[in-house]
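# Results of the structural survey
These are the residues of each chain, in order.
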Amino acid sequence: MPGITREEVAHLARLARLELSGEELDHFAGQLDDIIGAVARVSEVADQDVPPTSHPLPLTNVMRADEVRPSLTPEQALSGAPAQEQQRFKVPQILGEE
């Protein structure tokens, strides 16, 4: 597979609206060529009977099930609040909206 050229990197830079020096174009051409080669090697190894996955190990949900438990009443929760209104904490308005 032919390597990525300096002109192709310059084209990509123009599309991304990046101004690159000649030295940067050469440097990035080598780096992009390495990346493309690595992706090609992975594509060669990937087989049809291997399903695509987002993680190498299976993940399970680690959250507990919802259970109704005793909790504070609204009065208890608001007992230490400096200000309250309609069983809610009242805070200063910060966005200037009604």
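A brief report on the enclosed structure follows. Everything numeric in this text was worked out from a predicted model, so none of it was measured.

So, on to the overall build of the protein. Check the secondary structure of the protein and you find three helices and two strands. Its C-alpha radius of gyration of 29 Å places the protein more than 25% over the 13 Å reference for a compact globule of 98 residues. Across the protein, the mean location of the 8 positive side-chain charges is 9 Å away from that of the 17 negative side-chain charges.

This next bit is on the nonpolar core. By size, the foremost hydrophobic cluster in this structure holds five residues: Ile4, Val9, Ala10, Leu25 and Ala29. Of all the elements in the fold, those that place two or more residues in this core are helix 1 (6–15) and helix 2 (22–45). With near-sequence residues (within four places) excluded, Val9 lies in contact with Ile4, Leu20, Leu25, Phe28, Ala29 and Leu32.

What follows is about the packing of helix 1 against helix 2. Interhelical geometry of helix 1 versus helix 2 gives an angle of 105° and a closest axis separation of 9 Å. Comparing the axis directions of helix 1 and helix 2 gives the class roughly perpendicular. On helix 2, the residues touching Arg6, Val9, Ala10 and Leu12 of helix 1 are Gly22, Glu23, Leu25, Asp26, Phe28, Ala29 and Leu32. Among the residues forming the contact of helix 1 with helix 2, the class breakdown is seven nonpolar, one polar and three charged.

Moving on, we get to the pattern of salt bridges. Evaluation of the coordinates by the stated rule reveals three salt bridges. One salt bridge in this structure joins Arg69 and Glu67, with 3.6 Å as the shortest N-O distance. Ionic pairing is found between Glu85 and Lys90, a salt bridge with its closest N-O pair at 3.3 Å.

Among all positions in helix 1, only Val9, Ala10 and Ala13 are buried. Buried residues of helix 1 fall within an arc of 100° about the axis and therefore sit on the same side. Projecting away from the buried face of helix 1 at angles above 90 degrees are the exposed residues Glu7, Arg14 and Leu15. Buried residues along helix 1 sit against helix 2. Following helix 1 by one or two positions, Arg17 has its phi on the positive side, about 55°.

A separate point is unusual backbone geometry. Leave glycine aside and you will find that most residues have negative phi; peptide bonds, for their part, are mostly trans. Look at Arg17: it is not a glycine, yet its phi comes out positive at around 55°. When its relative accessible area of 77% is taken as the criterion, Arg17 is described as exposed. Residue Gln87 is not a glycine yet carries a positive backbone phi of 60°. Looking at where Gln87 falls in the secondary structure, it is placed in the loop between strand 1 (84–85) and strand 2 (88–89).

With that out of the way, let us pick up the environment of Gln86. For Gln86, the position within the fold is in the loop between strand 1 and strand 2. The exposed category is assigned to Gln86, whose relative accessible area is 64%. Through-space distance from the C-alpha of Gln86 to that of Ile35 is 59 Å; in sequence the pair is 51 residues apart.

Calculation criteria
- Residues numbered from 1 in each chain as written.
- Predicted model: local features only at pLDDT ≥ 70, side-chain atom pairs only at ≥ 80, totals over all residues.
- Heavy atoms only, no water.
- Helix = DSSP H or I, 4+ residues; strand = E, 2+ residues; numbered from the N terminus.
- Rg over C-alpha atoms; globule rule 2.2 N^0.38 Å.
- Lys, Arg positive; Asp, Glu negative; His and termini not counted.
- Charge placed at Lys NZ, Arg CZ, Asp CG, Glu CD.
- Core = buried A, V, L, I, M, F, W, Y, C linked by side-chain atoms within 4.5 Å.
- Buried < 20%, exposed > 50% of the residue type's maximum accessible area, 1.4 Å probe, protein only.
- Contact = heavy atoms within 4.5 Å.
- Axes fitted to C-alpha atoms, helices over the stretch in contact; angles between N-to-C directions.
- Parallel < 35°, antiparallel > 145°, perpendicular 65-115°, else oblique.
- Nonpolar A, V, L, I, M, F, W, Y, C, P; charged D, E, K, R; others polar.
- Salt bridge = Lys/Arg side-chain N within 4 Å of Asp/Glu carboxyl O.
- Arc of directions from axis to C-beta.

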